[in-house]
Amino acid sequence: MTITCFIRYEIDPFGKAAFEQYARAWGQAIPRCGADLIGYYAPHEGSATTAYAAYNIESLAAYEAYRARLAADPAGKANYEFARREKFILKEDRVFLKLVSGPHGPRQVFKTDVTVSEGIEA
């Protein structure tokens, strides 16, 4: 059974650029250390202080091993230190969830859907 770790961050509203740099740095380190990164999400509209991250891992035991590898990884160490030094993360909460609604059917495409390249979001 795969579990998904969701992380909710409270960030400094003036630290959005630093959070985005922090998030990009995890793009290589997290998969290299054993988790399937879904992504990091920074504020875009609405709250300027709420950000999220999500990744899949096989189990809580696998999570513990992954966290140890991430803490020992040179890029992981550098990114943790960057966050400590810059102080743009004010609060971080983690929750582990399992998918219970799958498998999902394919998304229905309608004739009225317009692509972003045409100037209107689908």
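As shown above, the structure is provided for reference.
Here the focus is the nonpolar core. Among the nonpolar cores identified, the biggest contains 28 residues, and Tyr-9, Phe-19, Tyr-22, Tyr-40 and Tyr-66 are the most heavily contacted of them. Elements with a contribution of two residues or more to this core: strand 1 (3-11), helix 1 (16-32), strand 3 (50-57), helix 2 (60-72) and helix 3 (74-86). Counting residues per element, this core draws most heavily on helix 1, at seven residues. If sequence neighbours within four positions are ignored, Tyr-40 has contacts with Tyr-9, Phe-19, Tyr-22, Ala-23, Trp-26, Ile-30, Tyr-52 and Ala-53.

This structure, assessed with the given rule, holds 13 aromatic pairs. A ring pair is formed by Tyr-55 and Tyr-66, whose centres lie 5.3 Å apart and whose planes are at 50°; its orientation type is tilted. One end of the pair, Tyr-55, is in strand 3; the other, Tyr-66, is in helix 2, and eleven residues separate them in sequence. Exposure remark for Tyr-55: the relative accessible area of 1% places this residue in the buried category. Counting every residue linked through ring pairs, the aromatic cluster contains Tyr-9, Phe-19, Tyr-22, Trp-26, Tyr-40, Tyr-80, Phe-82 and Phe-88.

Scoring rules and cut-offs
- Residues numbered from 1 in each chain as written.
- Predicted model: local features only at pLDDT ≥ 70, side-chain atom pairs only at ≥ 80, totals over all residues.
- Heavy atoms only, no water.
- Core = buried A, V, L, I, M, F, W, Y, C linked by side-chain atoms within 4.5 Å.
- Buried < 20%, exposed > 50% of the residue type's maximum accessible area, 1.4 Å probe, protein only.
- Helix = DSSP H or I, 4+ residues; strand = E, 2+ residues; numbered from the N terminus.
- Contact = heavy atoms within 4.5 Å.
- Phe/Tyr/Trp six-rings, centres within 6.5 Å; stacked < 30°, edge-to-face > 60°.

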